[in-house]
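Observations on chain architecture
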Amino acid sequence: MFSFLKILVRNLIQGPSTDPFPFGETFTPEGLRGRVRFDASACVGCRMCEHVCAGGAIRFEQSESELRFTLWHNSCTFCGLCQHYCKTKAIVLTEDWHLSHRQEEKYAMVEQGTVPLAPCLGCGISMIPVADELMRVAYRETNQDIDRLRRLCPDCRRKLGIKGVQRCKM
Ligand code: SF4
Ligand code: SF4
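Residues numbered from 1 in each chain as written. Chains lettered and ligands numbered in written order. Predicted model: local features only at pLDDT ≥ 70, side-chain atom pairs only at ≥ 80, totals over all residues. Heavy atoms only, no water.

**A few points about the pattern of salt bridges**
Taken as a whole and assessed by the stated rule, the structure comprises 6 salt bridges. In this structure, arginine 35 and aspartate 96 form a salt bridge, with 3.0 Å as the shortest nitrogen-oxygen distance. Note that arginine 35 is positioned in the loop between helix 1 (2–14) and strand 1 (36–38) and aspartate 96 in the loop between strand 4 (91–93) and strand 5 (110–116), a separation of 61 residues in sequence. By relative accessible area, aspartate 96 is classed as partly exposed at 24%. Notably, a salt bridge pairs arginine 151 with aspartate 147, separated by 3.5 Å at the nearest N-O pair. The class for arginine 151 is partly exposed, based on a relative accessible area of 33%. Taken together, the shared-partner salt bridges connect Asp147, Arg150 and Arg151 into one network. (Salt bridge = Lys/Arg side-chain N within 4 Å of Asp/Glu carboxyl O. Helix = DSSP H or I, 4+ residues; strand = E, 2+ residues; numbered from the N terminus. Buried < 20%, exposed > 50% of the residue type's maximum accessible area, 1.4 Å probe, protein only.)

**Considerations on the domain arrangement of the protein**
For the protein, the assigned domains are domain 1 (30–116) and domain 2 (121–170). Counting residues at the interface gives 11 residues for domain 1, matched by 8 residues for domain 2. Of the roughly 660 Å² buried at the junction of domain 1 and domain 2 (both faces included), carbon and sulfur atoms supply 67%. Across the contact surface, domain 1 and domain 2 share 0 salt bridges. (Domains from an automatic or database assignment. Contact = heavy atoms within 4.5 Å. Buried area = accessible area lost by both parts, 1.4 Å probe.)

**Quick word on the site of ligand 1**
Around ligand 1 sit Phe38, Cys43, Val44, Gly45, Cys46, Arg47, Met48, Cys49, Phe60, Cys86, Thr88 and Ala90, and that is every residue in its neighbourhood. Class assignment of the residues belonging to the shell around ligand 1 gives a composition of 9 nonpolar, 2 polar and 1 charged. (Near = heavy atom within 4 Å. Nonpolar A, V, L, I, M, F, W, Y, C, P; charged D, E, K, R; others polar.)

**Some thoughts on the side chain of histidine 73**
Mapped onto the elements of the fold, histidine 73 is located in the loop between strand 3 (66–72) and helix 3 (81–85). Here the side chain of histidine 73 touches valine 36 through a polar contact of 2.9 Å, landing on its backbone nitrogen. In contact with histidine 73, other than residues within four places in its own chain, are Arg35, Val36, Phe78, Leu99, Met109, Val110 and Glu111. (Polar contact = N/O pair within 3.5 Å; in protein donor to acceptor, adjacent residues only side chain to side chain.)

**Considerations on the site of ligand 2**
Neighbouring ligand 2 are Cys53, Gly55, Ile58, Leu71, Cys76, Thr77, Phe78, Cys79, Gly80 and Cys82. Across the shell around ligand 2, the residue classes tally to 7 nonpolar, 3 polar and no charged.

**Focus: a nonpolar patch on the surface**
On the surface, Phe4, Leu5, Leu8 and Leu12 cluster together to form a nonpolar patch covering roughly 400 Å² of accessible area. Following the sequence through the fold, leucine 8 ends up in helix 1. (Patch = residues over 30% accessible without salt bridge, like charges linked within 9 Å, V, L, I, M, F, W, Y side chains within 5 Å. Areas by Shrake-Rupley, 256 points an atom, 1.4 Å probe, with all protein chains shown as cover.)

**Section: the sheet that holds strand 2 (residues 58–62)**
Each strand in a sheet pairs with another by means of backbone hydrogen bonds, the pair being arranged parallel or else antiparallel. Here we have 3 strands laid out as an open sheet, ordered 2-3-5, and antiparallel in their pairing. Two strands in the sheet have a free side with no partner beyond their single neighbour: strand 2 and strand 5. Strand-to-strand twist of the sheet, defined as the mean angle between neighbouring strand axes without regard to direction, takes the value 15°. Here strand 2 pairs with strand 3 via 5 bridges, running antiparallel. Note that in strand 3 the partner of isoleucine 58 across the bridge is leucine 71. (Pairing = 2+ DSSP bridges. Axes fitted to C-alpha atoms, helices over the stretch in contact; angles between N-to-C directions.)

This is the structure in structure tokens:
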């Protein structure tokens, strides 16, 4: 009984040990995996994020003119695999953990973006131009030839590559 009173008095003097959240401030642990952000301008449409998504939270829909990205935070497990496999950093997990919501709001808890398609400079087929971020990873500097490459579809790039190899052999 005496030891209980001792603990009670000590706790009353010390005050609460836990954060007062949601009635007061709290902290965000470093490296926390929270709300996902999508940057359409850096996306190359490889769809790797959709492929590796453990929660099945990512979907792409392609039309004639665009590739539409949707991520449902409601299904996301915040595993971070999408970010890990996205080489252009088009998809990142932020430290924003303010994601609580009512059940009826679950379809509003989405991250969306649209990647515009453009005609290939070689054959005219609709394609996603290679993002600047990927060009920066692949080439140190850019020039007119490299800029043309990013506007060619994979088939046309391959044909151009074969022509280059044949020229070298001659
Ligand atoms: S977000 Fe990244 S991984 Fe997903 S399709 Fe775009 S470039 Fe590929
Ligand atoms: S963090 Fe994991 S579950 Fe969430 S969208 Fe990315 S891959 Fe899917």
